[in-house]
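A look at the structure
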Number of protein chains: 2
Amino acid sequence: MRAGNALDRLATLLKTDMDAVNTLILDRMQSPVALIPQLAGHIIAAGGKRLRPMLTLAAARLCGYRGERHIALAAAVEFIHTATLLHDDVVDASDLRRGLATANAVWGNKPSVLVGDFLFSRAFQLMVEDGSLKVLGILSHASAVIAEGEVLQLVTSNDVTTTEEAYLEVIRSKTAQLFAAASRIGAVLMDRPQAEETALEAYGRNLGIAFQLVDDMLDYSARQAELGKTVGDDFRDGKLTLPVVLALQQAQGDEPEFWRRTLEDLDQTDADLDRALALMAKYGTLTATLERAKIYGEEARQALANFAPGAEKQALLDVIDFCLERGY
Amino acid sequence: MRAGNALDRLATLLKTDMDAVNTLILDRMQSPVALIPQLAGHIIAAGGKRLRPMLTLAAARLCGYRGERHIALAAAVEFIHTATLLHDDVVDASDLRRGLATANAVWGNKPSVLVGDFLFSRAFQLMVEDGSLKVLGILSHASAVIAEGEVLQLVTSNDVTTTEEAYLEVIRSKTAQLFAAASRIGAVLMDRPQAEETALEAYGRNLGIAFQLVDDMLDYSARQAELGKTVGDDFRDGKLTLPVVLALQQAQGDEPEFWRRTLEDLDQTDADLDRALALMAKYGTLTATLERAKIYGEEARQALANFAPGAEKQALLDVIDFCLERGY
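About the thresholds
- Residues numbered from 1 in each chain as written.
- Chains lettered and ligands numbered in written order.
- Predicted model: local features only at pLDDT ≥ 70, side-chain atom pairs only at ≥ 80, totals over all residues.
- Helix = DSSP H or I, 4+ residues; strand = E, 2+ residues; numbered from the N terminus.
- Rg over C-alpha atoms; globule rule 2.2 N^0.38 Å.
- Buried ≥ 20, exposed ≤ 12 C-beta atoms within 10 Å, placed from the backbone.
- Contact = placed C-beta atoms within 7 Å.
- Least-squares fit on C-alpha atoms with pLDDT ≥ 70 in both.
- Nonpolar A, V, L, I, M, F, W, Y, C, P; charged D, E, K, R; others polar.
- Core = buried A, V, L, I, M, F, W, Y, C linked by C-beta atoms within 7 Å.
- Expected span 1.5 Å × (residues − 1).
- Axes fitted to C-alpha atoms, helices over the stretch in contact; angles between N-to-C directions.
- Parallel < 35°, antiparallel > 145°, perpendicular 65-115°, else oblique.
- Left-handed = near helix turned anticlockwise from the far one by under 90°.
- pLDDT = per-residue confidence, 0-100.

Here we look at the overall build of chain A
If you tally the helices and strands in chain A, you get 17 helices and two strands. Its C-alpha radius of gyration of 20 Å places chain A within 12% of the 20 Å reference for a compact globule of 328 residues. Reported as C-alpha extents along the three principal axes, the dimensions of chain A are approximately 60 × 50 × 30 Å. Burial status across chain A gives 55% buried among its 328 residues. Excluding contacts between residues fewer than 6 apart, the proportion of contacts in chain A whose partners are at least 24 apart in sequence is 76%.

So this is what it looks like as structure tokens:
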């Protein structure tokens, strides 16, 4: 199956629900302060995959939910995600996202920070209206962990002694926590047994880790341009992602000094990215990163083992394929 | 009464509660990611007045509350406030707060944005543990309105056509909304009649407006240095606060062009702040700003009229004096 098509079954299955989520998102990002919907609309309309809200919708259906509450919770999940994207782009000083200029590149950092805060608040307002303290607890905890992961990523940036374990902690927090929470609340909606909640959380967590591993591999891959992103952003930022961490583990001769100069001092020439790519090829670290992603993808698959077969389960399994196949 | 002493009665009355709030704040800003408590501790320990959490504590006691829930809610209020301060300082590129280097000046903008997000999430976790959906609703709404106010302030900056009404909308949102919410939740804790909730909200809202009016006047006052702040920060940022808006209303001759050049173009020489101060003196706009603050202070006083006399009520009235007397 082609990566571009792996989400089709899910998107078709959830079309009515997802249309309702999109309508609610547009409605709830409104404000008398016109710059807010302008800026929020820019990033929300930029055509994200809506992967996280789709997880909430699909998990709710998998658990037999047939009401309307999942719509607002999926919108809340997307608002939290969008808020973190806006703040991320400020932190990374990014110019491009999904092939379009970032909000901070268009309007500057200031409104991006503040509109992120606004969307984050809106997410909590949606949850309060829904009225489940358990969901509020899951998503407020997830938000705190995401922020911790982002700070940890900042701390490990430009530090060539960063371990594989520290890297995994970063992506578990900054990415996998929201995938896990988004999936788990599907079971919470139906008040399903703890085992199902835990299973859906494990699905989301492992899927999120696989997703981020592939993302970090793609940052060094020629396929990046197709995704509307530039190649080597993480290298220029001095981020210690797995492809680099694995190359550092095996570095010999003048290679440790090369990584130190380029990633710690950020003293880089045009040729340095080429050498970094050559070293990753020499040690096969992009392939190794993808192999690890497959292991987490398999964990995600196993987590769904006890759910009955059906369109929802198949669609959630498709999502794993989608996340992995982006890497080919 | 001297401004420095006007908070004494309140601080003495609430000492045990406030100690518990401070302990909880220190406990809940912890994280395995060491930079988070370092940075959060820097701003939290910098010796703010803890005005907003004191409002929650005093309002709860005024309503007869004798339990422990107000401690966590006061801490949540302070976390929300601290998060907005961290993001504010990034947005304003401020170097000094309360006479100390800002977090963004010490650690850079990136961790300030992210630690703000962390504290904001922690605030919601505290509220979820408390378990009142009504309090969650009040404070999530307040957070959204604060963000709207901050964006509106950004939009009106460098715009000399900003009206007094637009200015008031900014300070009602960015400052008074949290004062109002912090006061109101005292009544919510005791499930008091709607009239008391509304009265405490009106008290907080008017107090917050008075507080911000005095703050904006002080930015142009010689007393600023005593508060550890530089004079004319708002002028240099091109912010359209009331002292300037009122001077613009009465501007004649070359004065409109002076304000346009300095505030819109931000084309300023050293002598321009002096001329701005001279124009404010000419039209008495600092005095007029303080007069308006007194009117809102009186509204705040009236809002408490139906509460029984006692130590808590007197302390809340003292807070009004404190906010106004900073201006003398």
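Let's talk about the relation of the copies chain B and chain A
When chain B is fitted onto chain A, the two copies agree to an RMSD of 0.0 Å after a turn of 180° and an axial shift of 0.0 Å. Such a combination of turn and shift is consistent with a two-fold rotation axis. By residue overlap, the copies meet face to face through one surface: 100% of the interface positions of chain B are interface positions in chain A.

Regarding the interface of chain B and chain A
Taken together, the contact between chain B and chain A spans 35 residues of the former and 35 residues of the latter. Breaking the side of chain B that touches chain A down by element, the ones donating at least two residues are α4 (35-44), α6 (69-92), α8 (109-130) and α9 (133-156) of chain B. The element contributing the most residues to the side of chain B that touches chain A is α9(B), with 14 residues. Residues that form the side of chain B that touches chain A fall into these classes: 21 nonpolar, nine polar and five charged.

Quick notes on the nonpolar core
In summary, soluble globular proteins display a tendency toward joint burial of nonpolar side chains. Grouped together as the largest cluster of nonpolar side chains are 224 residues, with contacts concentrated most on A:A76, A:A210, B:A76 and B:A210. Contacts of A:A76, omitting those with residues within four sequence positions, involve A:A123, A:L126, A:M127 and A:L139.

Remarks on the environment of A:A288
Position of A:A288 relative to the elements: it lies in helix α16 (residues 285-303). Spatially, the C-alpha atom of A:A288 lies 8.3 Å from that of A:L246, the residues being 42 residues apart in sequence.

Focus on helix α5 (residues 51-62) of chain A
All names here are of chain A. Spanning 12 residues, α5 covers 16 Å between terminal C-alpha atoms, matching the ideal 16 Å at 1.5 Å per step. Burial of α5 is extensive: 12 of the 12 residues sit out of reach of the surface. Taken residue by residue, α5 has L51, R52, P53, M54, L55, T56, L57, A58, A59, A60, R61 and L62 as its buried positions. In the core, the buried residues of α5 are packed alongside α2 (8-13), α3 (15-28), α6 (69-92), α10 (164-189), α11 (194-218) and α17 (311-325). Phi for G64, located one or two positions after α5, is positive at around 90°.

A few points about the environment of B:I320
Residues and elements named next belong to chain B. Of note, I320 is situated in helix α17 (residues 311-325). The spacing of I320 and I146 is 174 residues in sequence and 22 Å in space, taken between C-alpha atoms. If we ignore the near neighbours within four places in the chain, the residues touching I320 are L207, A210, G297, A300 and R301.

Things to note about the packing of α11(A) against α16(A)
Residues and elements named next belong to chain A. Relative orientation of the contacting elements α11 and α16 amounts to 165°, with a least axis distance of 8 Å. It follows that α11 is roughly antiparallel to α16 by the angle criterion. Where α11 crosses over α16, the two elements pack in a sense that is left-handed. From α11, A199, A202, Y203, N206, L207, I209, A210, L213, V214, D216 and M217 reach across to α16, where they touch L286, T289, L290, R292, A293, Y296, G297, E299, A300 and A303.

With respect to the confidence of the model for chain A
All names here are of chain A. The share of residues in chain A with pLDDT of 70 or more is 95%, and the mean pLDDT across the chain is 92. Within chain A, helix α13 (residues 242-249) carries the highest mean pLDDT (98), whereas helix α1 (residues 3-6) carries the lowest (62). Scored as a whole, the predicted complex attains pTM 0.94, and scored at its interfaces, ipTM 0.94.

Focus on unusual backbone geometry
Residues and elements named next belong to chain A. Despite not being glycine, R50 shows a phi value in the positive range, around 55°. Residue placement: R50 occurs in the loop between α4 (35-44) and α5. On the basis of neighbour counts, which here come to 21 C-beta atoms within 10 Å, the residue R50 falls in the buried class. One non-glycine residue with positive phi stands out, namely N158, at about 60°. Relative to the helices and strands, N158 resides in the loop between α9 (133-156) and α10.

Considerations on the packing of α9(B) against helix α10 (residues 164-189) of chain B
Residue and element names in this part refer to chain B. Two elements in contact, α9 and α10, have axes separated by 8 Å at closest approach and are oriented at 165°. For the element pair α9 / α10, the angle class is roughly antiparallel. For the crossing formed where α9 meets α10, the hand is left-handed. Of the residues that constitute the contact of α9 with α10, the class distribution is 13 nonpolar, five polar and six charged.

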